[in-house]
Amino acid sequence: MIRFENVGLRYGMGPEILRNISFHVAPGSFHFLTGPSGAGKTTLLRLLFMALKPTRGLVNLFGQDVASLSSTDLPELRRKVGVVFQDFRLLNHLTTFENVALPLRATEQPEQDYRANVVELLKWVGLGDRMRASPEVLSGGEKQRAAIARAVVGQPQLLLADEPTGNVDPSMAKRLLGLFEELNKLGTTVIIATHDVELMRLSDAPHMILEDGHLGIES
Amino acid sequence: MSRKPQKPVIPPGKPKSRPKATPAPAGWLQRYFDRITHKSTPIVPVENVIGRALVLVTAIMCFLACLALGTAWAVHRASVAWTSEAASELTLQIKPVEGLNMTDEVTKAMRHLGNVNGVVRAEPISNEETRKLLEPWLGAELNFEELPVPQLITVEIDRRNPPNLQVLASDLIAIVPGARLDDHRVWQNQVRSAANWIKWTSFLVLILMLGATIAIIVFATQGAMSSNRDVVNVLHLVGARDKFIVREFERHFLVLGLKGGLAGGLLAATAFIVARYALEQIAPRSLDGEFNNLIHAVSIGWSGFAAIAGIVAFLAILTSRTSRYTVYRYLKSVE
Ligand SMILES: Nc1ncnc2c1ncn2[C@@H]1O[C@H](COP(=O)(O)OP(=O)(O)OP(=O)(O)O)[C@@H](O)[C@H]1O
Ligand SMILES: [Mg+2]
């Protein structure tokens, strides 16, 4: 599902953030991605949702070499990937409901087809009574949950979450981890970037550890 | 927050691979109704400074375009009305000549005109009428005995069977030495070329304005794109196609263009109605004929309103098409 071979990445003329990274992730697996702040976790995730192309090396997603992708192939591929951004990236002029429903709206399905599902998902993450609110007025934890709901609403094959529990209390974090595990059981491959040691302790998923631009895997 | 998850996260009943949105025969209409009845927030934020500025500019441009076109049209109609009337009407001028009696000369000329084929009617303009015509220049105390005022005869010709005007003129000079036949051609040509000049100037102004409008829409769209960079990024990341993003922006700009166009069009229609009313009020009675032509030309009928509606529609479409093109170019550049 995901295969990296000798991947290197630098921003502009800067230092190489990722160096010679090689790994592969099997479909249906569950991984934590961890490492010190500034190690390049977010950068690695950006490569995975095709916001960046590697400076060198090979990135292969869903059996396709991302270097050979044309811009018209991207939307189709991105619909298979759900992303929870570290900074949420919710749109303030839309309601929380509309933010969460955005991936479905972007596929041009009629709203009536997905409305009930989105409402149910929002209730499940505890935003049932915040649906009409703008993300601007949500608390950090509520934003986080909205961002997670948006990432999973399209039933992606690959879920990438960047610090998805950074703003919630431990019990909510546990609940959200439960959500990711539930999705994983349904077949979604999950990668969660986090510093949260407590969270990682709750699961026996393998850890991918980024340090000094190199990646190690610990089971 | 106390509720425990009891059921699978993803509501069941949805196939893993979503079926492609097939436009079923009744589907698109249904979807259209859904779209307008559900009224979800536009993906492109509506309220912003650029949007308001664009509405204002479009309104002004639409107003000016209507004015330019309206002016061209009014001038065209007035010049056609004037020149065609004048063409069927000649003026025979008989200047006083030493030793000849004016009344005899007029009678001779009238008799000749009566025998020419193609002349429908000939009528001397009475002293009273001449006095009225000259009053503004020479005052009311006009004495015809003292002044060598030429006598004018209006000659109406059959336009389908006109007499040879050169022959007619030379024949008349032979009979009446003071005669001069004025077929208004010089004046007519002047009116025509002035009218043409105004028409072409109006079109030039129109084209310049269209160019300016397009440039402004391009700038506004580029501004909207860069101030909505986040929106575009997020849309890309959730898998929206460029087509979808373009359509959202296009719809946004179509609405802006329509708003501005309608405001400008309404203003223009009002301006034409007011102009007509004002002309009616100031029309001097003595110039009734000419003024009626002008008033008639200025008044906009249903065709005028249709033309304004056309301009509004054209501007709205221009706005959305231009923004569409600009958005496509932007999206190409960020990929
Ligand atoms: N757009 C960018 N341009 C230039 N440098 C960048 C950019 N984004 C990140 N970096 C740099 O790349 C390095 C890795 O950043 P990244 O965000 O991937 O770290 P991270 O592991 O996610 O950190 P954190 O745990 O704090 O979120 C940092 O040194 C950062 O300054
Ligand atoms: Mg990060």
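So, how was this worked out
- Residues numbered from 1 in each chain as written.
- Chains lettered and ligands numbered in written order.
- Predicted model: local features only at pLDDT ≥ 70, side-chain atom pairs only at ≥ 80, totals over all residues.
- Heavy atoms only, no water.
- Near = heavy atom within 4 Å.
- Polar contact = N/O pair within 3.5 Å; in protein donor to acceptor, adjacent residues only side chain to side chain.
- Helix = DSSP H or I, 4+ residues; strand = E, 2+ residues; numbered from the N terminus.
- Nonpolar A, V, L, I, M, F, W, Y, C, P; charged D, E, K, R; others polar.
- Donors = N, O, S within 2.8 Å, 3.2 Å for Na, K, Ca; no water.
- Buried < 20%, exposed > 50% of the residue type's maximum accessible area, 1.4 Å probe, protein only.
- Phe/Tyr/Trp six-rings, centres within 6.5 Å; stacked < 30°, edge-to-face > 60°.
- Lys NZ or Arg CZ within 6 Å of the ring centre and 35° of its normal.
- Contact = heavy atoms within 4.5 Å.

Asks: Help me out: how do you make sense of the site of ligand 1 in this one?
Replies: All names here are of chain A. Near ligand 1 there are 13 residues, and of these S37, G38, K41, T42 and T43 occur at the shortest range. Interatomic distance of 2.6 Å between a side-chain N/O atom of T42 and an oxygen atom of ligand 1. Here an oxygen atom of ligand 1 and a side-chain polar atom of T43 are 2.5 Å apart. By residue number, the principal contributor to the shell around ligand 1 is helix α1 (residues 41-48), which donates 4 residues. For the shell around ligand 1, the residue count by class is 4 nonpolar, 7 polar and 2 charged.

Asks: Before we go on, may I ask you to explain the coordination of the magnesium ion (ligand 2) in this structure?
Replies: Reference values for angles at a metal are 109.5 degrees in the four-donor tetrahedral case and 90 or 180 degrees in the six-donor octahedral case. Residue and element names in this part refer to chain A. For the magnesium ion (ligand 2), the full set of protein donor atoms is T42 (OG1) and Q86 (OE1), at a range of 1.9 to 2.3 Å. Separated by 44 residues along the polypeptide, T42 in helix α1 and Q86 in the loop between β6 (81-84) and α3 (96-106) bring together distant segments of the chain. For T42, a relative accessible area of 24% puts it in the partly exposed group. The class of Q86 is partly exposed, set by a relative accessible area of 41%.

Asks: Sorry, what's going on with the packing of aromatic side chains here?
Replies: On inspection of all chains with the given rule, the structure shows 5 aromatic pairs over all chains. Just above the ring of F97 of chain A sits the side chain of R115 of chain A; from NZ or CZ to the centre is 4.4 Å.

Asks: What's the story with the side chain of N60 of chain A in this structure? I'm lost.
Replies: All names here are of chain A. Take N60: it is sitting in strand β4 (residues 56-61). Judged by relative accessible area, N60 falls into the buried class, the value being 12%. Here the side chain of N60 touches G63 through a polar contact of 3.2 Å, landing on its backbone nitrogen. Not counting the four nearest positions on each side in its chain, N60 is found in contact with M1, I2, R3 and D65.

Asks: Can you walk me through the side chain of Q109 of chain A in this structure?
Replies: Turning to its location among the elements, Q109 of chain A is positioned in the loop between α3 and α4 (111-124). One polar contact links Q109 of chain A to T107 of chain A, side chain to side chain, over a distance of 3.1 Å.

The quantities given are spatial measurements derived from coordinates; they are silent on function.
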